[in-house]
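Tertiary structure, described
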Amino acid sequence: MRAKLLLCSVLAGALVGGSQAFANGGDFFEELNASWGQQNSDDGVPYFGFVRDSKGKKIPNASITATTARGSSFVVQADNMGHYRIPGFSKSVDPKLVQITCSKAGYRLVSRDRRVLRGAPNGPIETNCILAPEMNKPAA
């Protein structure tokens, strides 16, 4: 668990322009960006993030939807760690206008945190979601 939190902290620090972050002896975000750099030249900006509760506990198998301004959408499912990755839409889609939403049965969306790496206009965009359990219990 400590390694996972460290990895998240390293990534978050790199995304907000903090000091260089190193994983496996190299710049972590550079390694991450390089793996996305192998995408098709017509692909737009990719998206990634985590789905957690307000205490930081991962929420696996949540649905994540990326919707463009024109209404096109792409849906993926978070893995067991609550992590998701969405490939980019075409380059004609403005990444600033793509909305990321997260959902799971029995939960409601509380907040979203969107981060863009400064100085990397085509770099991946991180959007983390916080979900809370629904409190609507049937009356007895």
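Look up a bit, the structure's there.
Right, let's walk through the structure included here.

**Focus on the overall build of the protein chain**
- Along its length, the protein chain carries 2 helices and 9 strands.
- When the helices and strands of the protein chain are listed from N to C terminus, the series reads α-β-β-α-β-β-β-β-β-β-β.
- Counting only residues that meet the buried cut, the protein chain has 36% of its 140 residues in that class.
- Long-range pairs, those at least 24 residues apart, make up 57% of the contacts in the protein chain with a sequence separation of at least 6.
- Accessible area for the protein chain stands at about 8800 Å²; split by element, carbon and sulfur atoms hold 52% of it.

**Details of the environment of Ser 90**
- With respect to the helices and strands, Ser 90 occurs in the loop between strand S6 (83–86) and strand S7 (99–103).
- Sequence separation between Ser 90 and Asp 43 is 47 residues; the distance between their C-alpha atoms is 4.7 Å.
- A polar side-chain atom of Ser 90 sits 2.7 Å from a polar atom in the side chain of Ser 92.

**Some points on the nonpolar core**
- One finds Tyr 47, Val 51, Ile 64, Tyr 84, Ile 86 and Ile 100 to be the most contacted residues of the largest nonpolar core, which totals 18 residues.
- When residues of this core are traced back to their parent elements, those giving at least two are strand S3 (47–52), strand S4 (63–67), S6, S7 and strand S9 (125–133).
- Here the element with the most residues in this core is S9; it accounts for 3 residues.
- Setting aside chain neighbours within four positions, we find Tyr 84 in contact with Tyr 47, Phe 48, Gly 49, Phe 50, Val 51, Ile 64, Val 76, Ala 78, Ile 100 and Thr 127.

**A few points about the sheet that holds S6**
- Here we have 4 strands laid out as an open sheet, ordered S6-S3-S9-S8, and mixed in their pairing. Both edges of this open sheet fall to S6 and strand S8 (107–116), since each of them pairs with a single strand only. The mean inter-strand angle of the sheet, taken between neighbouring strand axes irrespective of direction, is 20 degrees.
- Taken together, the 4 bridges between S3 and S9 define a ladder with parallel strand orientation. Each residue of the ladder has a partner; that of Tyr 47, found in S9, is Ile 125.

**Comments concerning the side chain of Asp 53**
- Turning to its location among the elements, Asp 53 is positioned in the loop between S3 and S4.
- Of the side chains bearing the opposite charge, Lys 57 lies closest to the buried Asp 53, which forms no salt bridge; the N-O distance is 5.7 Å.
- Among the polar contacts listed, one links the side chain of Asp 53 to the backbone nitrogen of Lys 57, at a separation of 2.8 Å.
- If near-sequence neighbours (up to four positions away) are discounted, Asp 53 is found in contact with Ile 59, Ile 130 and Leu 131.

**Concerning the packing of aromatic side chains**
- A full pass over the atoms with the stated rule returns 0 aromatic pairs.
- Over the face of the ring belonging to Phe 50 we find Arg 52, whose NZ or CZ atom lies 4.5 Å from the ring centre.

**Considering the state of the cysteines**
- By the definition in use, this model includes 1 disulfide.
- A disulfide bridge connects Cys 102 with Cys 129, and the sulfur atoms are separated by 2.0 Å. Taking the sign of the S-S torsion, about 60 degrees here, the bridge from Cys 102 to Cys 129 comes out right-handed. Of this pair, Cys 102 sits in strand S7 while Cys 129 sits in strand S9, placing them 27 residues apart in sequence. The two residues Cys 102 and Cys 129 agree in class, both being buried.

Calculation criteria
Residues numbered from 1 in each chain as written. Predicted model: local features only at pLDDT ≥ 70, side-chain atom pairs only at ≥ 80, totals over all residues. Heavy atoms only, no water. Helix = DSSP H or I, 4+ residues; strand = E, 2+ residues; numbered from the N terminus. Buried < 20%, exposed > 50% of the residue type's maximum accessible area, 1.4 Å probe, protein only. Contact = heavy atoms within 4.5 Å. Areas by Shrake-Rupley, 256 points an atom, 1.4 Å probe, with all protein chains shown as cover. Polar contact = N/O pair within 3.5 Å; in protein donor to acceptor, adjacent residues only side chain to side chain. Core = buried A, V, L, I, M, F, W, Y, C linked by side-chain atoms within 4.5 Å. Pairing = 2+ DSSP bridges. Axes fitted to C-alpha atoms, helices over the stretch in contact; angles between N-to-C directions. Lys, Arg positive; Asp, Glu negative; His and termini not counted. Salt bridge = Lys/Arg side-chain N within 4 Å of Asp/Glu carboxyl O. Phe/Tyr/Trp six-rings, centres within 6.5 Å; stacked < 30°, edge-to-face > 60°. Lys NZ or Arg CZ within 6 Å of the ring centre and 35° of its normal. Disulfide = S-S within 2.5 Å.

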